[in-house]
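Close look at the chain arrangement
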Amino acid sequence: QKEVEQDPGPLSVPEGAIVSLNCTYSNSAFQYFMWYRQYSRKGPELLMYTYSSGNKEDGRFTAQVDKSSKYISLFIRDSQPSDSATYLCAIGNTGKLIFGQGTTLQVKP
Amino acid sequence: KAGVTQTPRYLIKTRGQQVTLSCSPISGHRSVSWYQQTPGQGLQFLFEYFSETQRNKGNFPGRFSGRQFSNSRSEMNVSTLELGDSALYLCASSLRGSSGTRWDEQFFGPGTRLTVL
């Protein structure tokens, strides 16, 4: 079993839709949860970072961590074509990042 | 502030050769990590260096090695290249402190795309 599981998609939505991206993880000891966005031919960039459980909001983006079910989510409101990218969940564990497979999102105008 | 830079951006090698990739972290960042990204396996951690010492290592064979210099710049080396080593190699730097436990944001470079023929 992989430590972090993420549906690779692809996911295609119309502009303005609410997008929900999800990951599950196996180790209940994990504490640091991140979402990265990666555009084609670029390195990943950090979108959201959450420590332990709860929600975090930044503009159109909301990250949720449910430690009881080992589930992490990223919601994108009012999605834009510029949001088209690969979204990677990641867990920080003693200095290394453990990534999900990444979900490819396409937002159509 | 300049971001993480990686050189070269693209590289083509043949099986059996070796390759050295370079990474310059953000000024002031002393922690440098390397990752391999492939379509099949996704992003996988190779190793982390801090103050010229390898502090963490992923599950890769000994053909993959790295080092860090006193100015925090880092290199990774892959010897006896195999077709399966074709990947995007990403370097990330962070302010992660000497405690080894505090978490800091990792900033990624654009990567070096290695093709092994």
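Up top you'll find the structure we're talking about.
The notes below deal with the structure included here. (Residues numbered from 1 in each chain as written. Chains lettered and ligands numbered in written order. Predicted model: local features only at pLDDT ≥ 70, side-chain atom pairs only at ≥ 80, totals over all residues. Heavy atoms only, no water.)

**Brief notes about the pattern of salt bridges**
- Per the counting criterion, the structure on display carries 8 salt bridges over all chains.
- Here A:Arg37 makes a salt bridge to A:Glu45, at a shortest N to O gap of 3.1 Å.
- Here B:Arg73 ties to B:Glu75 by a salt bridge, and the two come within 3.5 Å at their closest N and O atoms.
- Accessibility expressed as a relative area gives 25% for B:Arg73, which makes it partly exposed.
- Judged by relative accessible area, B:Glu75 falls into the buried class, the value being 16%. (Salt bridge = Lys/Arg side-chain N within 4 Å of Asp/Glu carboxyl O. Buried < 20%, exposed > 50% of the residue type's maximum accessible area, 1.4 Å probe, protein only.)

**Observations concerning the state of the cysteines**
- Overall, the coordinates contain 2 disulfides over all chains when judged by the stated rule.
- Paired through a disulfide, A:Cys23 and A:Cys89 show a sulfur-sulfur distance of 2.0 Å. Here the S-S torsion is close to -100°, and the disulfide linking A:Cys23 with A:Cys89 is therefore left-handed. Here the residue A:Cys23 occupies a position in strand 3 (residues 19-25), and A:Cys89 occupies one in strand 9 (residues 85-93), the gap between them amounting to 66 residues.
- Each disulfide pairs two cysteine sulfurs, and for B:Cys23 the partner residue is B:Cys91, the sulfurs being separated by 1.8 Å. Across the S-S bond of B:Cys23 and B:Cys91 the torsion is about -55°, and the bridge reads as left-handed. With B:Cys23 in strand 3 (residues 19-24) and B:Cys91 in strand 9 (residues 87-94), the pair connects residues that are 68 residues apart, well separated along the chain.
- Overall, B:Cys23 belongs to the buried group, its relative accessible area being 0%.
- The class of B:Cys91 is buried, set by a relative accessible area of 0%. (Disulfide = S-S within 2.5 Å. Helix = DSSP H or I, 4+ residues; strand = E, 2+ residues; numbered from the N terminus.)

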